Amino acid sequence: MNSAYEIVVIGGGHAGCEAALAAARMGHSVVLLTMRRDRIAQMSCNPAIGGTAKGQLVREVDALGGEMGLAIDRTGIQFRRLNLSKGPAVWSSRAQADRIQYRLYMQRVIDQQPNLDVIEDAATAIGVKNGSVNSVSTLGHVEIECRAAILTSGTFLNGLTHTGQVKKQAGRVGEQAALHLSEQLQSVGFKVGRLKTGTPPRLDGKTINFDVLVKQPGDDDFPPFSLRSDSVNDNSATCWITYTNEQTHAYVMANLQSSALYSGQIEGIGPRYCPSIEDKIVKFRDKQRHQLFLEPEGNGTDEIYPNGFSTSLDAEVQLKAIRTIIGLESVEITTPGYAVEYDFFYPYQIKPTTETKLVEGLYFSGQVNGTSGYEEAAAQGLMSGINAALKLDGRPPFTLDRSQAYVGVLLDDLTTKSTEEPYRMFTSRAEYRLALREDNAAERLIGFGHEFGLIAEDVYQREIDRIELVKREVMRLERVLLPSGSHLGISSNADQRLSIAAALRMPEIGIDQVAQHDPQLASYPERVRTDIEIQIKYKGYLDKQQREIDRFKKLEEEPIPPDLSFRTLSGLKMEAREKLERFRPLSLGQASRISGISPGDITVLMVHLRKLSA
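So, a few notes on the structure that sits alongside this text. (Residues numbered from 1 in each chain as written. Predicted model: local features only at pLDDT ≥ 70, side-chain atom pairs only at ≥ 80, totals over all residues. Heavy atoms only, no water.)

### Re the overall build of the protein chain
Okay, step 1: Regarding its fold elements, the protein chain presents 20 helices and 22 strands.
Okay, step 2: Relative to the 2.2 N^0.38 estimate, which gives 25 Å for 614 residues, the radius of gyration of the protein chain is 26 Å and therefore close to what a compact globule would have.
Okay, step 3: Counting all 614 residues of the protein chain, 58% fall into the buried class.
Okay, step 4: The long-range share in the protein chain, meaning contacts at least 24 apart out of those at least 6 apart in sequence, stands at 72%.
Okay, step 5: Here the protein chain carries 71 positive and 78 negative side-chain charges, and the mean point of each set is 4 Å from the other. (Helix = DSSP H or I, 4+ residues; strand = E, 2+ residues; numbered from the N terminus. Rg over C-alpha atoms; globule rule 2.2 N^0.38 Å. Buried < 20%, exposed > 50% of the residue type's maximum accessible area, 1.4 Å probe, protein only. Contact = heavy atoms within 4.5 Å. Lys, Arg positive; Asp, Glu negative; His and termini not counted. Charge placed at Lys NZ, Arg CZ, Asp CG, Glu CD.)

Structure, rendered in structure tokens:
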């Protein structure tokens, strides 16, 4: 069998969904190649979207025209905002999803999308002609002619699951691994590594004693993730908190030999920031307990996800260990936890567009680049879909830098630092995080989404009107004076009256307090008032960060010729030459962030570039 599409997307996870939808919405014929149609957009691990830094990624994906934010608004069952006691730079949104409904929502969106077909099959080879993609071959003997291919294979490339000493070829429990493709790409010249991740057992909620656990409800008046949502689906679900204890730790330590991780059976490198329960107990022996969040898998099921208890212990050991925990003394496990090993490609082999350096028209997104998390995958997939479409249209590629978006931080980290362990996004990775807040994602990125045809005109115009309103109000409130005796604890002397803006810059004064004295301000929705407050209260910090961004931009705007031979440049250390040849930075800014490149190397490189341009 033979067929032809402009773009083939390999893999139906979160990266694949965003890539396929973006490219199809930009007018190109797309086929999504997936081994199981009914597992498109499956939440393989925790049933949640967002979290610290990840909430920022979701809102950025939404502002660019992606689907994830809208999907969780429509299928979420509990919504919370994290870090509200801290500054707005680290405010992050998180939602529990109905696992099944989330998957079904995304499948409906894909089924209804013009220009997008789905084929249930596995890719086995990517055809390359004259250095460019020209086809994808499948296990079912289909050769799909194409002009671009996007690989979003998740944990399926030579996937191997482990539960105790039991190991199976699988991408996740109950699903076959993707074989042959990794070896074929290695034969083309790609460098491959091996990673490991894991998931906890699923618990039968009917066997949990919730009466002794700490409740964790959702937040009132949660602002939706998506610019296209007026409200969220449901916010009534409750999560629960419990803890491991000394008995749990002693039992796990006594049975470490049953762990696939500690028996030496697993070769892949695991996630530093989401370790298994056995890893936590071994590496943090001074801790008397570890927190667990019991999260519902949906409104129509009693199944519970014990976040924080990822494991590759033997199934029987898992059960006995988890029954030592308060509230779980009689719990039953519905599905044992497991670890999964899989192939990935070192991300120094991709450009900031996600296109590979070795093969034109081939894009890598998600865990195949060494990342972890649905949100990181969705962000990469969206960038792949947009850039594949732009390339076929003969338009310039689309990139975001570290000062523009967390998406830019993610791709810059991957392409300049690479990774040898699963990469997870944190607010601490973004040096300009005060400028990259959740609340201003639209202000930063919606223009791009609109330009690419991924944001509708009415949504775009509504956001532009809101952004302009906030700017006008910030200026107006610098002129509006608080009345004498305003009871804000600032001043009761008419000669010392402050403007509303000046009052807001005081740490103890909030927007709701001053809005009592300004009917126009009080009339605005909470989102507008919050934006006004942040712009005024943090003006000094924002101005300082903008000066830092301006300095950063100067280095980013110093391009490096793509064909420059670093090995021939005198004055560079041998390590610098090797690193620059491997990573092939596109600018002085990118070069400066490569591990092992010193300020002295950048000075030498700058001198050579000036000579070349003279």
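Okay, back to it.
### Looking at helix α16 (residues 526–537)
Okay, step 1: Between its first and last C-alpha atoms α16 spans 16 Å; for twelve residues at 1.5 Å apiece the expected length is 16 Å, and the two agree.
Okay, step 2: Buried within α16 are the following residues: Val-528, Arg-529, Asp-531, Ile-532, Glu-533, Ile-534, Ile-536 and Lys-537.
Okay, step 3: Elements in contact with the buried residues of α16: α12 (457–477), α13 (500–504), α14 (511–515), α15 (519–522) and α17 (539–556). (Expected span 1.5 Å × (residues − 1).)

### Thoughts on the pattern of salt bridges
Where side chains of opposite charge bring their charged atoms close, a pairing between them can arise.
Okay, step 1: If you walk through the whole model with that rule in mind, you get 48 salt bridges.
Okay, step 2: Between Arg-59 and Glu-438 there is a salt bridge, with its nearest N and O atoms 3.3 Å apart. Residue Arg-59 is found in helix α2 (residues 54–63), and its partner Glu-438 is found in the loop between α10 (406–416) and α11 (441–451); the two are separated by 379 residues along the sequence. In terms of burial, Arg-59 and Glu-438 fall into one category: buried.
Okay, step 3: Several salt bridges share partner residues, and in doing so they unite Arg-402, Asp-412, Asp-413, Lys-417, Glu-431, Glu-556 and Arg-593 into one network. (Salt bridge = Lys/Arg side-chain N within 4 Å of Asp/Glu carboxyl O.)

### Focus on the sheet that holds strand β16 (residues 214–216)
Okay, step 1: Spatially, six strands are ordered β16-β17-β18-β19-β15-β20 in an open sheet, and the strand pairing comes out antiparallel. Bordering the open sheet on either side are β16 and β20 (333–335), each of which pairs with just one other strand. Neighbour-to-neighbour, the strand axes of the sheet open up by a mean angle of 35°, direction not taken into account.
Okay, step 2: Bridge analysis of strand β18 (residues 291–296) against strand β19 (residues 303–307) gives four bridges, and the strand direction is antiparallel. Considered in β19, the bridge of Leu-294 is made with Pro-306. (Pairing = 2+ DSSP bridges. Axes fitted to C-alpha atoms, helices over the stretch in contact; angles between N-to-C directions.)

### Things to note about the layout of surface pockets
Empty space among the atoms can be located by rolling a probe the size of a water molecule over them.
Okay, step 1: Roughly 1,200 Å³ of volume is contained in the second largest pocket.
Okay, step 2: Forming the boundary of the second largest pocket are 45 residues, of which Arg-81, Pro-223, Glu-526, Arg-527 and Thr-530 lie nearest the centre.
Okay, step 3: Contributions of two or more residues to the lining of the second largest pocket are made by α2, α11, α12, α14 and α16.
Okay, step 4: In terms of residues, the lining of the second largest pocket owes the most to one element, α16, which gives eight residues.
Okay, step 5: Residues belonging to the lining of the second largest pocket are distributed by class as follows: 19 nonpolar, four polar and 22 charged. (1 Å grid on protein atoms, 1.4 Å probe; cavity = no way out; pocket = protein on both sides within 12 Å on 5 of 7 lines; lining within 4 Å. Points joined across faces, edges and corners; volume = space filled by probe spheres on them. Nonpolar A, V, L, I, M, F, W, Y, C, P; charged D, E, K, R; others polar.)

### Observations concerning the pairing of strand β5 (residues 76–82)
Okay, step 1: The element β5 is extensively covered by neighbouring structure, given that six of its seven residues are classed as buried.
Okay, step 2: Inspection of the sheet shows β5 paired to strand β6 (residues 92–97) by six bridges, in the antiparallel sense. Residue pairing for β6: Gly-76 is matched across the bridge by Ala-97.

### Some remarks on the environment of Glu-360
Okay, step 1: Secondary-structure assignment places Glu-360 in the loop between β21 (338–345) and β22 (362–364).
Okay, step 2: Sequence separation between Glu-360 and Val-133 is 227 residues; the distance between their C-alpha atoms is 6.3 Å.
Okay, step 3: In this view, Glu-360 contacts Gly-131, Ser-132, Val-133, Glu-355 and Lys-391; residues no more than four positions away in its chain are not counted.

### Some words on the packing of α11 against α12
Okay, step 1: For the pair α11 and α12, the least separation of the axes is 10 Å and the interaxial angle reads 150°. With respect to α12, the axis of α11 lies roughly antiparallel. For the element pair α11 and α12, the recorded crossing hand is left-handed. Note on element contacts: α12 touches α11 through Glu-457, Val-459, Tyr-460, Glu-463, Arg-466 and Ile-467, opposite Ala-442, Glu-443, Ile-446, Gly-447 and His-450. (Parallel < 35°, antiparallel > 145°, perpendicular 65-115°, else oblique. Left-handed = near helix turned anticlockwise from the far one by under 90°.)

### Quick look at the nonpolar core
Okay, step 1: Ile-7 and Tyr-102 are the most contacted members of the largest nonpolar core, which totals 39 residues.
Okay, step 2: Ranked by the residues each element gives to this core, the list is headed by helix α1 (residues 14–25), at six residues.
Okay, step 3: Those residues within four positions of Tyr-102 in sequence are excluded, and the remaining contacts are His-14, Ala-41, Met-43, Ile-49, Met-68, Ala-71, Ile-72, Thr-75 and Ala-97.
Okay, step 4: Among the nonpolar cores identified, the runner-up in size contains 35 residues, and Ala-405, Ala-430, Ile-446 and Phe-452 belong to it. (Core = buried A, V, L, I, M, F, W, Y, C linked by side-chain atoms within 4.5 Å.)

### What about a nonpolar patch on the surface?
Okay, step 1: On the surface, a nonpolar cluster with roughly 210 Å² of combined accessible area is contributed by Val-128, Val-188 and Leu-358.
Okay, step 2: Position of Leu-358 relative to the elements: it lies in the loop between β21 and β22.
Okay, step 3: Taking relative accessible area as the criterion, Leu-358 reaches 43% and is therefore assigned partly exposed. (Patch = residues over 30% accessible without salt bridge, like charges linked within 9 Å, V, L, I, M, F, W, Y side chains within 5 Å. Areas by Shrake-Rupley, 256 points an atom, 1.4 Å probe, with all protein chains shown as cover.)

### Examining the sheet that holds β5
Okay, step 1: The strand order across the open sheet formed by three strands is β4-β6-β5, and the pairing between neighbours is antiparallel. Two strands bound the open sheet, and with one partner strand each, they are β4 (48–50) and β5. On average, each strand axis in the sheet is inclined to that of its neighbour by 15°, with strand direction left out of account.
Okay, step 2: Seen against the sheet, α2 touches β4 and β6 and runs at an angle of roughly 80° to β4.

### Some details on the environment of Asp-117
Okay, step 1: Looking at the element boundaries, Asp-117 is found in strand β7 (residues 116–120).
Okay, step 2: With 296 residues separating them along the chain, Asp-117 and Asp-413 place their C-alpha atoms 33 Å apart.

### Side note on the state of the cysteines
Okay, step 1: The full count for this structure, using the stated rule, is zero disulfides.
Okay, step 2: Cysteine Cys-146 is unpaired, with the sulfur of Cys-17 as its nearest cysteine sulfur at 19 Å.
Okay, step 3: A relative accessible area of 7% places Cys-146 in the buried class.
Okay, step 4: Its sulfur unpaired, Cys-274 is 6.3 Å from the next cysteine sulfur, which belongs to Cys-45. (Disulfide = S-S within 2.5 Å.)

### Structural notes on the pairing of strand β13 (residues 166–169)
Residues in a regular strand project their side chains so that they alternate between the two faces of the sheet.
Okay, step 1: For strand β12 (residues 160–163) and β13, the ladder comprises four bridges, and the chain directions are antiparallel. Each residue of the ladder has a partner; that of Thr-163, found in β13, is Val-166.
Okay, step 2: Here β12 folds back onto β13, and the loop between the two strands holds two residues, one of which, Gly-164, carries a positive phi near 60°.

### Points about the environment of Leu-392
Okay, step 1: Assignment of secondary structure puts Leu-392 in helix α9 (residues 374–392).
Okay, step 2: Owing to a relative accessible area of 13%, Leu-392 belongs among the buried residues under this scheme.
Okay, step 3: With 80 residues separating them in the primary sequence, Leu-392 and Arg-472 have C-alpha atoms 41 Å apart.
Okay, step 4: Apart from residues lying up to four places away in sequence, Leu-392 is in contact with Glu-6, Ile-7, His-28 and Arg-147.

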